[in-house]
Amino acid sequence: MSEIKNAQNVLNDPTKRIEEKMRALFYLRNVLTDESALIIGDAIYKNTSVLLKHEMAYVLGQMKLQCSKEILIKVLDDENEDEVTRHECAEALGNFNDKEMVPILEKYLRHASLPLKETCYLAIKKIQESKDGVDLSKFDSRDPAIPLFKDINEQNIECAGKMLDDPNECLYRKYKAMFYLRDCGTEKAKKFLVGAFKDESALLKHELAFIMGQMRMDEGIEVLNKVMNDGNEHGMVRHEAAEALGAIATDDCYRYLQKNIDSDCDILRESVLVALDVLRYENGEETEYACVL
């Protein structure tokens, strides 16, 4: 049996642990074929975990294969799906730089779900701004906004930091500032990122947490732990904080994650299990995380 088939079986097996399913998913993500993408798309409706379904949508957006569009649109349009999954589908559609996606996304600009509404706004803005060519970041990811500047200098960092901190600034420009600060990675840029957790947008805060995980940002550990433990925060923020701690992978991260291993919040509890698996991988002797266990 091929590894692709093995990964498919793991994804669709209700007895498999979330950590095993996540590894199988990212194995398929690295097999950049229609077959792999269609397996992931099919598995969205064969699983009940919001965390896993949302990660599947994320992966399809990163793979950016044309066969995924129909799948993502179908899930986006499904009112029975959780807002976290639907938001990720909208973000994924924004990666295709396809102006035909704009009317589909526009339908949700007045939706009751704020994360979904905000994500569709960001995706439309990105499509309108995007140009053909390489769209991968320095972290090898397709992001929901194009960085504000190309040149790294103090003036640009200060400008981006003030923009991110401005409660009256438009969300897309805040995202552009946020991704610019990530790419800068200076101490000053990191301080601006940590300070941005006071923002009211759960969507922005969840992206901040994701970025800190990408950066392996030790300076973010305490604020990530605080966010993860805040029951008033949206589950999407708490889950992303947990996964970021797993990526940073220090002893403190391990200790903080262990305290939430039995959380009543489903998406957080599963994220903690995944994060601990990533942390063990980062600190262990395994040579490949994206594999079928």
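As the structure is a computational prediction, the values presented were derived from the model and not from experiment. (Residues numbered from 1 in each chain as written. Predicted model: local features only at pLDDT ≥ 70, side-chain atom pairs only at ≥ 80, totals over all residues. Heavy atoms only, no water.)

Focus on the UniProt feature "binding site: Fe cation 1" (unreviewed entry) in the chain
So, step 1. UniProt's feature table lists "binding site: Fe cation 1" (unreviewed entry) at His-54, Glu-55, His-87 and Glu-88, given in the numbering used throughout. Spanning 35 residues, the named residues form one tight spatial group whose C-alpha atoms are at most 11.1 Å apart.
So, step 2. With respect to the helices and strands, His-54 occurs in helix α4 (residues 50-63).
So, step 3. Every residue in contact with His-54, bar those within four places of it in the chain, is listed here: Val-84, Thr-85, Glu-88, His-239 and Glu-240.
So, step 4. With respect to the helices and strands, the residue His-87 is situated in helix α6 (residues 83-94).
So, step 5. His-87 gets classed as buried once you look at its relative accessible area, which sits at 0%. (UniProt positions renumbered as here; feature names shortened; annotations may be inferred. Helix = DSSP H or I, 4+ residues; strand = E, 2+ residues; numbered from the N terminus. Contact = heavy atoms within 4.5 Å. Buried < 20%, exposed > 50% of the residue type's maximum accessible area, 1.4 Å probe, protein only.)

Quick word on the side chain of Lys-21
So, step 1. Along the chain, Lys-21 falls in helix α2 (residues 18-29).
So, step 2. Within the buried set, Lys-21 has no salt-bridge partner at all; the shortest N-O distance to an opposite charge, 6.3 Å, is to Asp-13.
So, step 3. Apart from residues lying up to four places away in sequence, Lys-21 is in contact with Val-10, Leu-11, Asn-12, Asp-13, Pro-14, Lys-16, Asn-47 and Leu-52. (Lys, Arg positive; Asp, Glu negative; His and termini not counted. Salt bridge = Lys/Arg side-chain N within 4 Å of Asp/Glu carboxyl O.)

Quick look at the packing of aromatic side chains
So, step 1. In the structure shown here, the tally under the stated rule is 4 aromatic pairs.
So, step 2. Considering the side-chain rings of Tyr-58 and Phe-210, the 6.0 Å spacing of their centres and the 65° angle between planes classify their relative orientation as edge-to-face. Taken together, the residues span a long stretch of sequence, with Tyr-58 in helix α4 and Phe-210 in helix α12 (residues 202-215) at a distance of 152 residues.
So, step 3. Above the ring of Tyr-45, the side-chain terminus of Lys-53 is found at 5.6 Å from the ring centroid.
So, step 4. Above the face of the Tyr-45 ring, Lys-74 is positioned so that its terminal group lies 4.9 Å from the ring centre. (Phe/Tyr/Trp six-rings, centres within 6.5 Å; stacked < 30°, edge-to-face > 60°. Lys NZ or Arg CZ within 6 Å of the ring centre and 35° of its normal.)

What about the packing of α2 against α4?
So, step 1. Running from N to C, α2 and α4 point in directions that differ by 10°, and their axes come no closer than 10 Å. Considering their axes alone, α2 and α4 lie roughly parallel with respect to each other. Residues Ile-18, Lys-21, Met-22, Leu-25, Phe-26, Leu-28 and Arg-29 of α2 form the contact with α4, whose participating residues are Leu-51, Leu-52, Glu-55, Met-56, Val-59, Gln-62 and Met-63.
So, step 2. Per-class residue counts for the contact of α2 with α4 are 10 nonpolar, 1 polar and 3 charged. (Axes fitted to C-alpha atoms, helices over the stretch in contact; angles between N-to-C directions. Parallel < 35°, antiparallel > 145°, perpendicular 65-115°, else oblique. Nonpolar A, V, L, I, M, F, W, Y, C, P; charged D, E, K, R; others polar.)

A word on the UniProt feature "binding site: Fe cation 2" (unreviewed entry) in the chain
So, step 1. UniProt's entry tags His-206, Glu-207, His-239 and Glu-240 with the feature "binding site: Fe cation 2" (unreviewed entry), counted in the numbering of this structure.
So, step 2. One can find His-206 in helix α12.
So, step 3. According to the relative accessible area criterion, His-206 is buried, its value standing at 3%.
So, step 4. Among all residues touching His-206, those that are not within four sequence positions of it are His-87, Tyr-175, Met-236, Val-237 and Glu-240.
So, step 5. Looking at the secondary structure, you find Glu-207 in helix α12.
So, step 6. Assessed through its relative accessible area of 3%, Glu-207 is described here as buried.
So, step 7. Each residue touching Glu-207, except ones within four places of it in the same chain, is listed here: Glu-91, Pro-144, Tyr-175, Met-178 and Phe-179.

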